[in-house]
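Now for the letters of each chain:
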Amino acid sequence: MQAGTRMRRSALAGVVGIASAVALVGWNGAQAHVHAAGATPVKIGFANPLTGSEASYGVSDYNAVKLAVNSVNAKGGVDGHKVQIIAYDTKADPATGIAGAHYFVSQGVNAVIGFFNSDISIPASAILHAAGIPMVSAASTNPKLTEQGFHNVFRVCGTDNEQGLVEAEFARNVLHAKTAVVLDDEEVYGEGVSQFFANDFKKLGGKILSHQGINPNLTDYTSLLTQVKAMHPDILQFGGFDPAAGLLVKQGRSLGLKSTFISDDGVIGPAFTQAGGRSAVGSFLSSAPSPQDLASARPFVAEYVRTYHAQPTEFAGYNYDALNVIVQAIRDAHSITPAAIIRALAGIHTFKGVTGRVDFNSIGNNTTPEYVIYRVQSNYSNKIYWNPNAH
Amino acid sequence: MGTLAQQLVNGVVIGAVYGLIALGYTMVYGIVRLINFAQGGLYAAGAFIGLEVVEILQAHRVESPALLILAALAGAMIATGALAFLVERVAYRPLRRAPILSALVSSLAVLFLIENVIQLLTGAQPQTYPSLLGLQPWTLGPITLAPSGLLIVLVALGLMGAMQWFVQRTRTGRAMRAIAVNQEVAGLMGVDVRRVVALTFVMGGALGAAAGVLVGLNYGTITFNMGELAGLEGFTAAVLGGIGNVPGALVGGLVLGLLQSLITIVLPNQWNEAVVFAVLIAVLAFRPRGILGERVAERA
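Computed from a prediction, not measured in an experiment: that's the story for all the values here.

Caption draft 1: Region of the structure containing the interface of chain B and chain A. Across the contact, 27 residues belong to chain B and 30 residues belong to chain A. Around 2,300 Å² of area is buried between chain B and chain A when both sides are counted, 52% of it from carbon and sulfur atoms. On inspection of chain B and its partner chain A, the count reaches zero salt bridges. With five residues, helix α1 (residues 2–32) of chain B is the largest single contributor of residues to the side of chain B that touches chain A. In terms of residue class, the side of chain B that touches chain A is made up of eleven nonpolar, 14 polar and two charged.

Written as C-alpha cells, this is what we have:
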C-alpha cells in the first residue's frame, strides 16, 4: 500500500510504470517478502539484464545476490532488519535501465546494486546521486562512473583502464608484439577498453596500425578483416562482447589472418567459442579471475552450484560481495538511512570478500581487484595463462 | 592487388545475401505495392526453422551435408512460405482496402511479433549452425572463398532466374503482372486476385527463408533479431536496384555489397554505413526509380 501511494505521488512514476511493471513480472513476483516482526526491512535495489542477450550474466548475478541475502537473513538480518531485494530488469537497454533508477527512488530503497552495463550505470548514478541513495556497482568497469565526483557511488570490480593496461603489458612484455590493430564495438565499455589498450600499447613502445569501430549487430566482417590482414599486425585487439568477437575470429581465420586475438571480459562467456568454434582457441582474454579460480571464492562457488546446479559467471562473486559490503556498512553505521550507509561505505577498508579484499579509495573505486590473462583452451575452457600480480 | 581482389569477392558474397532478401521485398512490392517490412522477420524465421530441420535430421543420424543443406533449405522455404501465407491472411488481407500506411505499420508489427516469438522459443542467446560445408575455405593465390559463400552466390542467381522466368513466362506470372497494373480490372478479367496475392507473399517468405538458411550456413551464428538490420539492408538493395524489378534486386544487392567492401579500403570502418547511405541518397536523387528502374509489370 505504502509503495502504491508513493508511486502516485512521484511525477516520474507514470513514465517508469509500464517499463517497471513489465520488468518486474516474474522477478519480484517470485520474491518472498521478508518482514521481520517490528524492524523495517532494508530495501536493496538490484538492477541487471535479467532478459535479453546479456541475461546469462544478469541472472547469475541475481542468483549470487539472493544467496548473500538468504545467508544474512538466516542469521537474523542486519541489526535486526531483514534484507529485501527489489529486482529490476534493465534488458541491457539504456532507456529501460535508466528508468530503473527512478523506480528505485520511488520505492524508497536504502541502497542499490547495479546496473551491469556502464552506459546505464553512469546516467543512473546521477539520478541516485540526486536522491542521495548509495550505489555499489559490481560489473560496470568504465572509469567515468566513479570520476563524476558523486559521493554515493562505489565499485567493487575493476576498471577498463586497468584491464586495457594488463592487455597491453601482456602483448608487449609477454608476447613481445610490435604492432596491433584495434577494433571496438563503439559502446561505452568496448570503446573504453580498446582506447586504454591502444594508449598503453603505444606507451610501452608498440605501434597501433589502425583503430576502427564495428557495428556489433552485423554478421559479415570479412571486408574489414581483409583490410586488417593486409596490415599484418601481430595483435588484433577487440573491445566488446562475445557474439561479435566470435564472428571476428572465425571470419578472420578463414581469410588467413594470423594475428593473435586479444579481447576482454565481455568475451569470456561461452557465446565466444560457440560463434568462433576452433578459431577461438588460442585467443587471450583479460578478466578478473573468475570465482572458480579464486581460493577465497571456493565456498561461494560450492554453495552456488549446490543451490542453482550451474556455475556462477564472471561477475557473480562481485555481486555477492557488493551485497555483503552494504550489509557491513549498515553494521558500521548502526543505521539504515541512505546517508549513513554512504558515509559508512566510504570507510570500508580491508573488507574480506569472496573475490578478494575490498578497499574503497577517495572516489569509491576498489583499489585491490586484479586482472589476469586467460587463454582459450582446445576444449573451449578458459585457463589463466598470465598473472601480472603473481611474482 | 590481392586485397582488392579479396574485397571484390567479399562484396559479391555479402551482396548476394542482400540480393536474396531484396528479392522478397521486390516480389511483394512489384505486385501489391506494399513495402513488406515483415521480410526481415521471415528471413530470421527461415534461419531458425532451417537450423531446427538440420538438428532433427542429425538426431536421426542423417549425416550427408548435401542432404542436410537441401532439407534445411526446402524445409525452411516451405514452412516460412506457410508462415507468410498466414501473415497475409491475418495482417494484410483485412487491410486491402485501407490506406497503404496501415498495411505498412501492420508489416512492421509482424516483424517484431516474429522476432519476439523466436526469442520466446529459443532464448535471446545466439544460436549456432553446424558447419556443414567444412571449415576449410578455398584459396586461390591471395583470395580465399568459403564454399558456403559460393553457394550463396549460386542460389541467389538461381532463385533470381527462377523468379524472372516465373513472372514473365508462366500463366500465374502473367496474372501477377496484370494485378500489378490494375487489381480491379485483373479481377474483372477473371484473375483470382486473392489467390495470386497470397501466392506472392508465400514466394516472398520462401525467398527470405532461403537467405536466412544460407546466412546461417555461411556465418554460423544466428540471432533472434538478425532480421532488423539485414531487413533494412535488403530493403535498401531493393530500392537501389529498382524496387519491383526482379533482376534489379540482385543488381542492387551486389552494388550495395561491393560498395561496403570497397569503402573499407579507403575509410575507417565506422564511416561505412554513413557513406553507403549517402551514396544511396545520391543514386536516388539522380535515378529516383533505382538503377534498373521499372516495376515488374512494365517489362511486359
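Caption draft 2: Region of the structure containing the packing of aromatic side chains. Residue and element names in this part refer to chain A. One pass over the full model with this rule turns up 23 aromatic pairs over all chains. Their ring planes at 90° and their centres at 5.8 Å tell us that Phe 116 and Phe 315 sit as a pair that is edge-to-face. Residue Phe 116 is located in the loop between β3 (111–114) and α5 (118–131), and its partner Phe 315 is located in the loop between α11 (298–308) and α12 (316–333); the two are separated by 199 residues in the primary sequence. Of the two residues examined, Phe 116 and Phe 315, each falls in the buried class. Relative to Tyr 385, the ring of Phe 284 has its centre 4.9 Å away and its plane inclined at 55°; by these criteria the two rings are tilted. You can see Phe 284 sitting in strand β10 (residues 284–287) and its partner Tyr 385 sitting in strand β14 (residues 382–386), a full 101 residues away along the chain. In this structure Phe 284 comes out as buried when scored by relative accessible area, which is 6%. An aromatic cluster is built from Tyr 88, Tyr 103, Phe 104 and Phe 115, whose rings are joined through pairwise contacts. Positioned above the aromatic ring of Tyr 62, the side-chain terminus of Lys 66 is 4.4 Å from the ring centre.

Basis of the calculations
Residues numbered from 1 in each chain as written. Chains lettered and ligands numbered in written order. Predicted model: local features only at pLDDT ≥ 70, side-chain atom pairs only at ≥ 80, totals over all residues. Heavy atoms only, no water. Contact = heavy atoms within 4.5 Å. Buried area = accessible area lost by both parts, 1.4 Å probe. Salt bridge = Lys/Arg side-chain N within 4 Å of Asp/Glu carboxyl O. Helix = DSSP H or I, 4+ residues; strand = E, 2+ residues; numbered from the N terminus. Nonpolar A, V, L, I, M, F, W, Y, C, P; charged D, E, K, R; others polar. Phe/Tyr/Trp six-rings, centres within 6.5 Å; stacked < 30°, edge-to-face > 60°. Buried < 20%, exposed > 50% of the residue type's maximum accessible area, 1.4 Å probe, protein only. Lys NZ or Arg CZ within 6 Å of the ring centre and 35° of its normal.

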